[in-house]
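# Summary of structural features
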Amino acid sequence: MNNDFYSEQLVAKKSGGSETAKKILIGVLTALVAAFLFLIIIFPLSLLLVGLVFYVGYYLMTGIDTEYEYILTNGDLDIDKITGKRKRKRLLSTKIGDFTAFGKLEEAPEAADKVTTVLVTDGTNEGAYYADFRHQSAGNVRLIFTPNEKTMEGVKMFLPRQLKAEMMRKK
């Protein structure tokens, strides 16, 4: 049996109230600083500085946007955080076979004490799943994520036998 599996999924975090407020604040401050510079500095130099201020404002505003990438390769799950479509950071790497609990988020038991929660969803938690496991550096971890059909197929393929059996009983 060939168990080669690969899935890549991008989940964009939806902007909430705080992200929108930050973007509005950056936009207003950018406009105020640009107007101030345009009025007090002589013409050719003011255009250059105003352009620079708008570029910095744009850079800061787009840096607020967040995406998560799930990469599942033969039972190894890697999760990266992508900020502003330009900066990538690895949040987590684990094996699906290390999961000690797995299921729909709404059916999740209360998390144990001293558990690190890794929340990598679009912010709505619709269709979210949880996975509990022991991580070598982070200790006990509860992962909350929203896998699509293909990623879910791979997760199910590499789950420990006991968790597969539990999932079949719940259907």
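To keep things clear, this report deals only with the structure shown in the data block.

Conventions used here
Residues numbered from 1 in each chain as written. Predicted model: local features only at pLDDT ≥ 70, side-chain atom pairs only at ≥ 80, totals over all residues. Heavy atoms only, no water. Salt bridge = Lys/Arg side-chain N within 4 Å of Asp/Glu carboxyl O. Helix = DSSP H or I, 4+ residues; strand = E, 2+ residues; numbered from the N terminus. Buried < 20%, exposed > 50% of the residue type's maximum accessible area, 1.4 Å probe, protein only. Expected span 1.5 Å × (residues − 1). Phe/Tyr/Trp six-rings, centres within 6.5 Å; stacked < 30°, edge-to-face > 60°. Lys NZ or Arg CZ within 6 Å of the ring centre and 35° of its normal. Patch = residues over 30% accessible without salt bridge, like charges linked within 9 Å, V, L, I, M, F, W, Y side chains within 5 Å. Areas by Shrake-Rupley, 256 points an atom, 1.4 Å probe, with all protein chains shown as cover. Arc of directions from axis to C-beta. Polar contact = N/O pair within 3.5 Å; in protein donor to acceptor, adjacent residues only side chain to side chain. Contact = heavy atoms within 4.5 Å.

Here we take up the pattern of salt bridges. For the coordinates displayed, the defined rule picks out seven salt bridges. For Lys23, the salt bridge is made with Asp65, and the minimal N-O distance between the two is 2.7 Å. Of this pair, Lys23 sits in helix 1 (residues 17–40) while Asp65 is found in the loop between helix 2 (43–62) and strand 2 (66–73), placing the two residues 42 residues apart along the sequence. Among the ionic pairs, Asp132 bridges to Arg142, the shortest N-O distance being 2.8 Å. Of this pair, Asp132 sits in strand 7 (residues 129–135) while Arg142 is found in strand 8 (residues 139–145), placing the two residues ten residues apart along the sequence. Under the relative-accessibility criterion, Asp132 is labelled buried at 16%. Each member of the salt-bridge network shares a partner with another, and the members are Glu69, Asp78, Asp80, Arg88 and Arg90.

Here we come to helix 1. A rise of 1.5 Å per residue sets the reference length of helix 1, with its 24 residues, at 34 Å; its end C-alpha atoms lie 35 Å apart and thus fit the reference within 8%. Listed as buried for helix 1 are Glu19, Ile26, Thr30, Ala34 and Leu37.

Applying the stated criterion across every chain, the model contains six aromatic pairs. Between Phe102 and Phe145 the ring centres are 6.5 Å apart and the planes differ by 50 degrees, which places this aromatic pair in the tilted class. Here Phe102, found in strand 5 (residues 99–104), pairs with Phe145, found in strand 8; they are 43 residues apart in sequence, far enough to count as distant. In this pair, the class of Phe102 matches that of Phe145, namely buried. Counting every residue linked through ring pairs, the aromatic cluster contains Tyr70, Phe99, Phe102, Tyr129, Phe133 and Phe145. Over the ring of Tyr59 we find Arg86; its NZ or CZ atom is 3.8 Å from the centre of that ring. The ring of Phe5 carries the charged tip of Lys150 above its face, separated from the ring centre by 6.0 Å.

On the surface, Phe36, Phe38, Leu39, Ile40, Phe43 and Leu47 cluster together to form a nonpolar patch covering roughly 690 Å² of accessible area. Elements with a contribution of two residues or more to the nonpolar patch: helix 1 and helix 2. A per-element tally of the nonpolar patch places helix 1 first, with four residues. Looking at Leu39, the relative accessible area reads 71%, which means it is exposed.

We now examine helix 3 (residues 149–158). Along helix 3, the residues classified as buried are Thr151, Met152, Gly154, Val155 and Phe158. Buried residues along helix 3 cover an arc of 160 degrees about the axis, so they all sit on one side. Looking at where helix 3 begins, the residue whose side-chain oxygen comes 3.3 Å from the main-chain nitrogen of Lys150 is Asn148.

Here we come to the environment of Thr100. Locating Thr100 in the fold gives a position in strand 5. Here the alpha-carbon distance between Thr100 and Gly84, two residues 16 residues apart in the chain, equals 34 Å. Non-local contacts of Thr100, meaning those with residues more than four positions away in its chain, are made with Asp132, Phe133 and Leu163.

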